[in-house]
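Close look at the chain arrangement
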Amino acid sequence: MNYYDEIKNKIIDNLSASADKQKTTGQKYMAAQVKKQREKERQTRYQKELAKSFEDKKVVSNFTYKVKDDDRIGIVGANGSGKSTILKTLTKQVEMFGGAVFLAGNDIANMKESELAKHMSMVMTEKITAELMTCRDIVATGRYPYTGMLGVLSDNDYEIVDNAISLLGADEVANEDFNSISDGQRQRIMLARAICQEPELLILDEPTSFLDIRYKIDILNSIRKLAREKNIAVIMSLHELDLAYKISDIIAIVNNKNNKDDYKNRRICYRSVVPF
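What you see is a predicted model; the values in this text were computed from it and never measured.

**Thoughts on the pattern of salt bridges**
Tallying each qualifying case throughout the model produces seven salt bridges. One salt bridge in this structure joins Arg-188 and Asp-218, with 3.8 Å as the shortest N-O distance. Placement of the pair is Arg-188 in helix 6 (residues 183-196) and Asp-218 in helix 7 (residues 213-230), with a sequence separation of 30 residues.

**Points about the side chain of Asp-157**
Along the chain, the position of Asp-157 falls in helix 5 (residues 155-167). At 3.0 Å, the side chain of Asp-157 and the side chain of Arg-143 are in polar contact. With residues up to four places along the chain from it excluded, the contact list for Asp-157 reads Arg-143, Thr-147 and Val-152.

**Let's talk about the nonpolar core**
By size, the foremost hydrophobic cluster in this structure holds 44 residues, and its most contacted members are Phe-178, Ile-189, Leu-191, Leu-202, Leu-204 and Ile-223. Put simply, the parts of the chain that give this core at least two residues each are helix 4 (135-140), helix 5, helix 6, strand 5 (201-205), helix 7, strand 6 (233-237), helix 8 (241-247) and strand 7 (250-253). Take this core: its biggest share by element is seven residues, from helix 6. If sequence neighbours within four positions are ignored, Leu-202 has contacts with Ser-121, Leu-191, Ala-194, Ile-195, Ile-232, Ala-233, Val-234 and Ile-235.

**Side note on the packing of aromatic side chains**
Applying the stated criterion across every chain yields a total of zero aromatic pairs. Residue placement shows Arg-143 over the ring face of Tyr-146; its charged tip is 4.2 Å from the ring centre.

**Some points on unusual backbone geometry**
A negative phi angle characterises most non-glycine residues, just as the trans form characterises most peptide bonds. A positive phi angle, close to 55°, is found at Ala-104, a residue other than glycine. Of note in the backbone geometry, Leu-132 takes a positive phi value of approximately 55° without being a glycine. Here Leu-132 shows up in the loop between strand 4 (120-123) and helix 4. The class of Leu-132 is exposed, set by a relative accessible area of 79%.

Thresholds applied
- The written sequence of each chain sets the order in which its residues are numbered from 1.
- Side-chain atom pairs in this predicted model are given and counted only at pLDDT of 80 or more, local residue features only at pLDDT of at least 70, and totals for whole chains, interfaces and linings cover all residues.
- Heavy atoms from the whole structure form the basis of all side-chain values; hydrogens and water molecules are not counted.
- Note on definitions: salt bridges are taken to be side-chain nitrogens of Lys or Arg within 4 Å of carboxyl oxygens of Asp or Glu.
- The helix count covers DSSP runs of H or I at least four residues long, the strand count covers runs of E at least two residues long, and both are numbered beginning at the N terminus.
- Contacts described as polar in this section are N or O atom pairs within 3.5 Å, which, within protein, must combine one atom able to donate a hydrogen with one able to accept it, while residues neighboring in sequence count only if both atoms come from side chains.
- It only takes one pair of heavy atoms within 4.5 Å for two residues to be counted as in contact.
- For the purposes of this section, nonpolar cores are sets of buried Ala, Val, Leu, Ile, Met, Phe, Trp, Tyr and Cys residues that join through side-chain atoms within 4.5 Å.
- Buried means the residue's accessible area, taken with a 1.4 Å probe over protein chains only, is under 20% of the maximum for its type, while exposed means over 50%, and partly exposed covers the values in between.
- Each aromatic pair joins two rings of Phe, Tyr and Trp (for Trp, the six-membered one) with centres within 6.5 Å, and gets the label stacked for planes under 30 degrees apart, edge-to-face for over 60, and tilted for any other angle.
- A ring is scored as having a charge over it whenever the NZ atom of a lysine or the CZ atom of an arginine sits within 6 Å of its centre and within 35 degrees of its normal.

Following this line, the structure appears as structure tokens:
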């Protein structure tokens, strides 16, 4: 075999390997698309079933309460009792059957999402996915309600972003990829993002979920510090009764089975109790 034949054979081998690789990549892409479509269909079915369950079941009724500045209200109850549903109702993610929620003197049903975001922020249990975004980028999205249509942040916006990161003690991960940090650090970043909105009311759905005890305590201490220094009212659902007692000024027990808890047990565990 001469030199030119050898070169020709190498080119043919490389082209064959490239074709096989493209075929494998195409198969992987098609499989990913099928999986994505199935997940979308599953989510659609879940949302329909969820909507139906809300239609058939009242979670809270005949309840009136006024939240004051820097109040820390802990909502506790059994799994499936409706804690998250209450919070999603407050944030307009779930439609109310009746009644009204007023924020800054306005019925939230009549408020645009952009206006509501200037008065209320939330951190829910669902984990977000962010591609090629640093932690600082994630926190900066909390300023979008105050930007124009292009979402361009000013120097003042970035100053608020950096102050929120420092307040939550997350400076060391500010420039890290959001997907590379731990769950505890993610929760700090999401709290900083919520604080960037400069809200009057902060909604937290199980903020200590999936965290070890050290991170649980750190996060709760941060929440207490935010409520005091920023004069923010906090409504949060919690599973851990001992932590709820330590962080909350008021404990709200969600009990949709129409039976009353024993008051003696309440008196031992809680400071101020507001039964739903």
